[in-house]
Amino acid sequence: MNKAMQYICNSFLSLILVTTTATAFDDVATLRKGKALDQQSPSSPIANVMNNDIKRARNYPMQPPVIPHKTRNYEVNLNTNKCMSCHSRKRTEESQAPMVSVTHYMDRDGNFLAEISPRRYFCNQCHATQTDAKPLVENTFIDMHRLMKTKQKSDN
Amino acid sequence: MKKIISIGWQTLKKPSAYFSLGFLVIGGFIMGIIFWGGFNTALEATNTEQFCISCHEMEDNVYEEMKTTIHFSNRSGVRATCPDCHVPHKWTDKIARKMQASKEVWGKIFGTINTREKFLAHRKRLAQNEWTRLKANDSLECRNCHNFDYMDFTAQSGRAAQQHSTSLASGDKTCIDCHKGIAHQLPDMKGVEGW
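Keep in mind that what you see is a predicted model, and the values were worked out from it rather than measured. (Residues numbered from 1 in each chain as written. Chains lettered and ligands numbered in written order. Predicted model: local features only at pLDDT ≥ 70, side-chain atom pairs only at ≥ 80, totals over all residues.)

A.B. asks: Would you mind showing me how to read the overall build of chain A here?
C.D. replies: A count of helices and strands for chain A gives four helices and zero strands. Each helix and strand of chain A, ordered N terminal to C terminal, gives the series α-α-α-α. When the 156 residues of chain A are sorted by exposure, 7% land in the buried category. If you take every contact in chain A between residues at least 6 apart in sequence, the share linking residues at least 24 apart comes to 43%. (Helix = DSSP H or I, 4+ residues; strand = E, 2+ residues; numbered from the N terminus. Buried ≥ 20, exposed ≤ 12 C-beta atoms within 10 Å, placed from the backbone. Contact = placed C-beta atoms within 7 Å.)

A.B. asks: In this structure, what is going on with the overall build of chain B? I would like to understand it.
C.D. replies: Per the secondary structure count, chain B includes 11 helices and zero strands. In chain B, the succession of α and β elements from N to C terminus is α-α-α-α-α-α-α-α-α-α-α. The buried share of chain B, taken over its 195 residues, is 10%. Sequence-distant contacts, at least 24 apart, represent 58% of the contacts inside chain B between residues at least 6 apart.

A.B. asks: Please clarify how unusual backbone geometry should be interpreted in this entry.
C.D. replies: Trans peptide bonds make up the majority, and among non-glycine residues the majority have a negative phi. Although it is not a glycine, Gln96 of chain A sits at a positive phi angle of roughly 60°. Along the chain, Gln96 of chain A turns up in the loop between α3 (92–95) and α4 (144–155). For Gln96 of chain A, a count of 10 C-beta atoms within 10 Å corresponds to the exposed category. Look at Asp138 of chain B: it is not a glycine, yet its phi comes out positive at around 55°. When you line up the elements, Asp138 of chain B lands in the loop between α8 (116–136) and α9 (140–143).

A.B. asks: Mind showing me how you'd approach the interface of chain A and chain B here?
C.D. replies: Reports often express the size of an interface as the amount of accessible area lost when the parts come together. With eight residues of chain A at the interface, the matching set in chain B holds 12 residues. In terms of residue class, the side of chain A that touches chain B is made up of no nonpolar, six polar and two charged. (Nonpolar A, V, L, I, M, F, W, Y, C, P; charged D, E, K, R; others polar.)

A.B. asks: What is the right way to read the environment of Lys82 of chain A from this model?
C.D. replies: Residues and elements named next belong to chain A. On the secondary structure map, Lys82 appears in the loop between α1 (2–24) and α2 (84–87). For the pair Lys82 and Thr71, spaced 11 residues apart in the sequence, the C-alpha separation amounts to 9.2 Å. In this structure Lys82 touches Tyr74, Glu75 and Val76, once residues within four positions along its chain are discounted.

A.B. asks: Sorry if this is basic, but what is going on with α8 of chain B here?
C.D. replies: Residues that lie three or four places apart on an α-helix share one face, since the helix turns once every 3.6 residues. The first and last C-alpha atoms of α8 of chain B sit 29 Å apart over 21 residues, in line with the 30 Å expected at 1.5 Å per residue. Downstream of α8 of chain B by a residue or two, Asp138 of chain B has a phi angle that is positive, lying close to 55°. (Expected span 1.5 Å × (residues − 1).)

A.B. asks: Help me understand α4 of chain A, please; the structure alone is not making it clear to me.
C.D. replies: With 12 residues, α4 of chain A extends 16 Å from end C-alpha to end C-alpha; this agrees with the ideal 16 Å at 1.5 Å per step. Little of α4 of chain A sits inside the fold, with zero of its 12 residues counted as buried.

A.B. asks: Honestly, the environment of Gln50 of chain B in this entry has me stumped. Any pointers?
C.D. replies: Here Gln50 of chain B lies in helix α3 (residues 49–52). Through-space distance from the C-alpha of Gln50 of chain B to that of Cys82 of chain B is 9.2 Å; in sequence the pair is 32 residues apart.

A.B. asks: So what exactly am I meant to see when it comes to the confidence of the model for chain B here?
C.D. replies: Interpreting fine coordinate detail is not advised for predicted regions of low pLDDT. Summarising the model, chain B shows a mean pLDDT of 92, and 100% of its residues fall at 70 or more. Here the complex is predicted with pTM 0.78, and the ipTM for its interfaces comes to 0.75. (pLDDT = per-residue confidence, 0-100.)

Below, the structure is given as structure tokens:
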């Protein structure tokens, strides 16, 4: 009897909780754009990959540089690494592409290797192509230079 | 043996005793059309993608890989089929390639690449065959569609225009030098020039 009561109480409480949270999040913007769960909104067109070969500023010093060209069908696997056919040390003279940074030739103990380090082999783990898609949400990232500037201003 | 050849030659040498000249001329003409037409029809039948992928070696390996590339699916719906790139279009070259292909029939019968593992083991050799062929004929099969004279460099990306207007224009490089693996996955590229 006691157990059954407890069970009913629990389910009632959780029901209240679910309904309240549902109403609370109704006005939150989602990628579904308010479409009901059982309905599908038309998908947005696939954005074009930027292919202008213009270097972009890095948002912070350690940011892996983004790829300013298309990489469709570039193979990076056991057999070959297409990226390195231009960006490796011995290929840059002919390709005139930027060489991958020297850190990519180091193992984790800082020893230099002749070839790219296996832990850096999969370029796309850090480097990504950019598209011309409009950002879905506003970016509020503040670069450290701007942070320092505002701080200097407030100090003066 | 010598006697048989001699009898055969004597028969051919003798004028026809039973058939009229008209029958021989017209009959020969009609048979010529049938044989020649038949030969070419059969040749063209082996020159289709349907024929190529009727072997699982082709369908499961190279054809599957090609499906993801731009030569299979693209915005304008123009696509290349196997013989567009792998068989020369000019008649004499085509016959020469078809005669070489008799070796592929041998490979099929004896199962040279009848499993995925065997195919992968042979992949570099097979790819190199094609690279050598395309290098030797100045990427003729690419140029059947991609005509250098009509390339609009302004419509290309900066990097592409730069490469095409220098190395390709001067004949220093040919398509396959840079576009290896354009329609199929690459083999182990160790030791390949430019990699």
